[in-house]
Amino acid sequence: MDIQTAKQIRLEEYLHSLGYSPVKRQGINLWYKSPFREETEASFKVNTERNQWYDFALGKGGNIIALASHLYATDSVPYLLKRIEEQAPHVRHVSFSFRKQSFTEPSFQQLEIVPLSSPALLAYLQERGINPALAKRECREARFTHNSKRYFAIAFPNISDGYEIRNRYFKGCIAPKDITHIRQQGEPKNACYIFEGFMDYLSFLTLRLESCPQCPDFDRQDYMVLNSVANVSKALYPLGSYERIHCFFDNDRAGMEALQQIRKEYDSTRHIRDASQIYCGCKDLNEYLQKRMADGKEQMQSVRKRNDTLSKKPKGFRL
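Because the structure is a prediction, the values reported are computed rather than measured.

**Some thoughts on the packing of aromatic side chains**
Next up, step 1: Scanning the entire structure with this criterion turns up 16 aromatic pairs.
Next up, step 2: Geometrically, the ring pair formed by Tyr 54 and Phe 56 is edge-to-face, given 4.9 Å between the ring centres and 80° between the ring planes.
Next up, step 3: Taking the relative accessible area as the measure of exposure, Phe 56 reaches 45% and is therefore partly exposed.
Next up, step 4: An aromatic cluster is built from Phe 156, Tyr 193, Phe 195, Phe 198, Tyr 201, Phe 204, Tyr 223 and Phe 248, whose rings are joined through pairwise contacts.
Next up, step 5: We note Lys 24 situated over the ring of Trp 31; from NZ or CZ to the ring centre the distance is 5.8 Å.

**Brief notes about the packing of helix H8 (residues 232-239) against helix H9 (residues 253-266)**
Next up, step 1: Their axes nearest at 10 Å, the elements H8 and H9 cross at an angle of 35°. Between H8 and H9 the crossing geometry is right-handed. Residues Val 232, Ser 233, Leu 236, Tyr 237 and Leu 239 of H8 form the contact with H9, whose own contacting residues are Ala 258, Gln 261, Ile 262, Glu 265 and Tyr 266.

**Some details on unusual backbone geometry**
Next up, step 1: For Asp 161, which is not glycine, the phi torsion reads 70° and is therefore positive.
Next up, step 2: For Asp 161, the position within the fold is in the loop between strand S8 (149-157) and strand S9 (163-166).
Next up, step 3: Using a relative accessible area of 68% as the deciding quantity, one classes Asp 161 as exposed.
Next up, step 4: In the Ramachandran plot, Asp 217 falls in the positive-phi region, its phi being about 55° despite a non-glycine side chain.
Next up, step 5: In this fold, Asp 217 is placed in the loop between helix H7 (198-211) and strand S13 (222-225).

**What about the nonpolar core?**
Next up, step 1: By size, the foremost hydrophobic cluster in this structure holds 30 residues, and its most contacted members are Leu 125, Ile 154, Tyr 201 and Tyr 223.
Next up, step 2: If you list the elements that add at least two residues to this core, you get helix H5 (119-127), helix H6 (132-138), S8, strand S12 (191-195), H7, S13 and helix H10 (285-312).
Next up, step 3: The dominant element in this core, judged by the number of residues it contributes, is H7, at seven residues.
Next up, step 4: When neighbours within four sequence positions are excluded, Leu 125 is seen to be in contact with Leu 116, Ile 130, Ala 135, Ile 154, Met 199 and Leu 202.
Next up, step 5: If you look at the next biggest cluster of nonpolar residues, it comprises 24 residues, including Tyr 14, Tyr 20, Phe 44 and Ile 64.

**Examining the pattern of salt bridges**
Two side chains of opposite charge can pair, provided their charged atoms sit close to one another.
Next up, step 1: On inspection of all chains with the given rule, the structure shows 11 salt bridges.
Next up, step 2: In this structure, Glu 138 and Arg 137 form a salt bridge, with 2.8 Å as the shortest nitrogen-oxygen distance.
Next up, step 3: Its relative accessible area of 16% is what places Glu 138 among the buried residues.
Next up, step 4: On the basis of relative accessible area, Arg 137 is assigned to the partly exposed category, the value being 48%.
Next up, step 5: Residues participating in the shared-partner salt-bridge network are Asp 250, Lys 283 and Asp 284.

**Remarks on the state of the cysteines**
Next up, step 1: Enumeration according to the criterion identifies zero disulfides in this entry.
Next up, step 2: For the unlinked cysteine Cys 192, the closest cysteine sulfur is that of Cys 247, found at 8.8 Å.
Next up, step 3: A disulfide-free cysteine, Cys 280 has its sulfur positioned 8.5 Å from the sulfur of Cys 282, the nearest such atom.
Next up, step 4: The exposed category is assigned to Cys 280, whose relative accessible area is 65%.

**Observations regarding the sheet that holds S13**
Next up, step 1: Taken together, the five strands give an open sheet; going across it, the order is S11-S13-S12-S14-S15, and neighbouring strands pair in mixed fashion. At either end of the open sheet lies a strand with only one pairing partner, and these are strand S11 (180-182) and strand S15 (271-274). Here the average twist between neighbouring strands, direction ignored, is 15°.
Next up, step 2: In this sheet, S15 lies alongside strand S14 (residues 244-248) in parallel orientation, the contact comprising four bridges. Note on S15: the bridge partner recorded for His 246 is Arg 273.
Next up, step 3: In the packing of H9 onto the sheet, the strands contacted are S12, S14 and S15, and the crossing angle to S15 comes to about 165°.

Cut-offs and rules
- Residues numbered from 1 in each chain as written.
- Predicted model: local features only at pLDDT ≥ 70, side-chain atom pairs only at ≥ 80, totals over all residues.
- Heavy atoms only, no water.
- Phe/Tyr/Trp six-rings, centres within 6.5 Å; stacked < 30°, edge-to-face > 60°.
- Buried < 20%, exposed > 50% of the residue type's maximum accessible area, 1.4 Å probe, protein only.
- Lys NZ or Arg CZ within 6 Å of the ring centre and 35° of its normal.
- Axes fitted to C-alpha atoms, helices over the stretch in contact; angles between N-to-C directions.
- Helix = DSSP H or I, 4+ residues; strand = E, 2+ residues; numbered from the N terminus.
- Left-handed = near helix turned anticlockwise from the far one by under 90°.
- Contact = heavy atoms within 4.5 Å.
- Core = buried A, V, L, I, M, F, W, Y, C linked by side-chain atoms within 4.5 Å.
- Salt bridge = Lys/Arg side-chain N within 4 Å of Asp/Glu carboxyl O.
- Disulfide = S-S within 2.5 Å.
- Pairing = 2+ DSSP bridges.

Written out as structure tokens, the structure reads:
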């Protein structure tokens, strides 16, 4: 695939293949919650007539190459074209041989992967309901320089030695992007729990620890994290070794399509469970966890307020 062929791909179709759907339409503009970070209001616009995007919080925009550059955190055009072609299977394949050239400087410079310890990152995880001890066990911390500024982020490893990168303001990856497959030691497990992103995986572990603090049984099954619903095809072969597959996908169209793809492959020979019914009414498992956390705080405040009211009541006189 060359640059001109890549630019012919509709941005809305490319974003859909990555699991992102527009929140609203205004004429020729589609509005999304930014794929670069967590947010509650849509600040990412796609102009369908010009086939251009603009992120208002980031203050940047452009074509599909620029979008992929931010998503995959690299300026290497050959690498980006390869990733775009993989994410757009319906685009006609164009043979392409690169002339000998030096890659441009990567976006992640002076990269260090260290144990997760940043108070700011741990506070961010706690705000999302994640148990910090579990996060320290499952994740690492990436420290890097970008445009001469120093950053740090949560780093979740995949099977190709890449990392999903996340902090309060940024969501991306250190290439190569791939699935994460967590196998338990000892005898092979016959069940695998599969999640779209690592926040949902950490949410599951947190919920399990809350419900069974003495014996959470984390190691009774293997786990898989897609790190994008676009990676579901990469998960199909390793999922074939399991008798039971439990899918904790988002309650949206992309999540349903990922589930159907797994069912199409294995429904006749495997038990496929749609676990999203557990958090029906919520977008995903992490939103369900945060809602439980908010409800718990509200109940505690209600009890505290009632106790304060009772303690202030006059107790009368004793004769």
